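Tertiary structure, described
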Amino acid sequence: MNKQKLIKKFDKQSAKYEESTRKRMLGVWRNRLLQGVQGDVLEIAVGAGANFHIYDMDKVRLTAADFSPMMLQRARRLAEEMHFQVHFIECDIEALDFPEHSFDCVVSTLSLCGYEDPEMVLRNISKWCKPGGRVFLLEHGLGKNPLLKSAQRLLNPVARKMSGCHWDRNIEQIVQRSELKIERIERYWNGMVHLIWARS
Ligand SMILES: C[S@@+](CC[C@H](N)C(=O)[O-])C[C@H]1O[C@@H](n2cnc3c(N)ncnc32)[C@H](O)[C@@H]1O
């Protein structure tokens, strides 16, 4: 899908994401995943800032990137309300670059479903992280049950068109094939929700 169309799609969903941020949706998983995030942190595809409440503001220097101006506007507003200093970047993550070893931690929640080339994004995450740096992923993808997987594959074109997300990604395999060293994977909701702790 054309990137401009995709940006518009996410712009339109930004109010919903802000609402779910305020209601702390998926809070249990976000909390579980993001303990220990500290130092120079990059959050890719930050959306409306759903993870801001979880970060320890005294320990995190956050750079947050997203290509949707409306998502960023909402994330900026939340950061201001919280008096949380965040360096925001409006950009396409797939065209973004940082010097090698820029960050202690990289966070991605519900973002690998959106990219054309998630493998390339993971390669970049490895590069941007300091050696041994930590990577925290909360991603949805194919479940474990064969019937469920077939349904996800069948519905994928509609899901992509409506929400901008792919439903048919084998997240565990994509991360396993990357250069990241996986420390722990937990899967929930029939295996569709993945919590992954890794290091560069
Ligand atoms: C499903 S939302 C998740 C938002 C947030 N991370 C969260 O956990 O609520 C996906 C986000 O990825 C952003 N996104 C998708 N593809 C992107 C890309 N290529 N570059 C930058 N942002 C992207 C969208 O604008 C949206 O904010």
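Small disclaimer: the values here were computed from a predicted structure and weren't measured. (Residues numbered from 1 in each chain as written. Predicted model: local features only at pLDDT ≥ 70, side-chain atom pairs only at ≥ 80, totals over all residues. Heavy atoms only, no water.)

Take the packing of helix α1 (residues 3-22) against helix α3 (residues 69-82) next. Here α1 crosses α3 at 30 degrees, and the two axes come no closer than 7 Å. Compared by their axis directions, α1 and α3 come out roughly parallel. Taken together, the residues of α3 that come into contact with α1 (itself represented by Ile7, Phe10, Asp11, Gln13, Ser14, Ala15, Tyr17, Glu18, Thr21 and Arg22) are Pro69, Met70, Met71, Arg74, Arg77, Leu78 and Glu81. For the contact of α1 with α3, the residue count by class is 8 nonpolar, 3 polar and 6 charged. (Axes fitted to C-alpha atoms, helices over the stretch in contact; angles between N-to-C directions. Helix = DSSP H or I, 4+ residues; strand = E, 2+ residues; numbered from the N terminus. Parallel < 35°, antiparallel > 145°, perpendicular 65-115°, else oblique. Contact = heavy atoms within 4.5 Å. Nonpolar A, V, L, I, M, F, W, Y, C, P; charged D, E, K, R; others polar.)

A few words now on the sheet that holds strand β1 (residues 39-44). Overall, mixed pairing links the 7 strands, which are arranged β3-β2-β1-β4-β5-β7-β6 in an open sheet. Taken across any chain shown, the strands that pair with only one partner, and hence form the sheet edges, are β3 (86-90) and β6 (181-188). Geometrically, the sheet is characterised by an average inter-axis angle of 15 degrees between neighbouring strands, direction not taken into account. Taken together, the 7 bridges between strand β5 (residues 129-140) and strand β7 (residues 193-199) define a ladder with antiparallel strand orientation. Paired with His140 across the bridge in β7 is Val193. Against the sheet, α3 makes contact with β2 (60-66) and β3, and its axis sits at roughly 175 degrees relative to β3, the strand it touches most. Those strands touched by helix α4 (residues 118-128) are β1, β4 (103-109) and β5, and its axis lies near 145 degrees from that of β5. (Pairing = 2+ DSSP bridges.)

Relative to the helices and strands, Met192 resides in the loop between β6 and β7. Residues Met192 and Gln152, spaced 40 residues apart in sequence, show a C-alpha to C-alpha distance of 9.9 Å. Dropping the residues within four chain positions of it, Met192 is found in contact with Glu139, His140, Gly141, Leu142, Gly143, Leu148 and Gln152.

With 14 residues, α3 should reach 20 Å at 1.5 Å per residue; the first-to-last C-alpha distance of 20 Å fits that figure. Those residues of α3 that are buried are in contact with α1, β2 and β3. In the segment just after α3, His83 is the residue with positive phi, at about 55 degrees. (Expected span 1.5 Å × (residues − 1).)

What follows covers the UniProt feature "domain: Methyltransferase type" (unreviewed entry) in the protein. UniProt feature "domain: Methyltransferase type" (unreviewed entry): in the numbering of this structure it lies at residues 42-136. Within the segment residues 42-136, helix and strand shares are 26% and 32% respectively, and the terminal C-alpha atoms sit 10 Å apart. (UniProt positions renumbered as here; feature names shortened; annotations may be inferred.)

Another aspect to go through is the site of the ligand. Around the ligand sit 18 residues in total, of which Ala45, Asp66, Asp92, Ile93 and Thr109 are the nearest. Side-chain polar atom of Arg30 to an oxygen atom of the ligand: 2.9 Å apart, as the coordinates give it. The side chain of Thr109 places a nitrogen or oxygen atom 2.6 Å from an oxygen atom of the ligand. Contact with the protein chains hides 98% of the accessible area of the ligand, taken as 590 Å² for the molecule alone. (Near = heavy atom within 4 Å. Polar contact = N/O pair within 3.5 Å; in protein donor to acceptor, adjacent residues only side chain to side chain. Areas by Shrake-Rupley, 256 points an atom, 1.4 Å probe, with all protein chains shown as cover.)

Turning next to the environment of Ser108. Mapping Ser108 onto the fold places it in strand β4. For Ser108, a relative accessible area of 1% corresponds to the buried category. Leaving out residues up to four positions away in the same chain, Ser108 has contacts with Ile44, Phe136, Leu137, Leu138 and Glu139. (Buried < 20%, exposed > 50% of the residue type's maximum accessible area, 1.4 Å probe, protein only.)

Core analysis: the largest hydrophobic core is formed by 27 residues, its most contacted members being Val37, Phe52, Tyr55, Leu62 and Phe84. At the level of elements, α2 (27-33), β2, α3, β3, β4, β5 and β7 are the ones that each hand at least two residues to this core. Here this core gets 5 residues from one element, more than from any other, and that element is α3. The residues touching Val37, leaving out its near neighbours within four places in the chain, are Tyr55, Val60, Cys105, Val107 and Phe136. Phe98, Phe103, Val106 and Val135 belong to the second-largest nonpolar core, a separate cluster that totals 25 residues. (Core = buried A, V, L, I, M, F, W, Y, C linked by side-chain atoms within 4.5 Å.)

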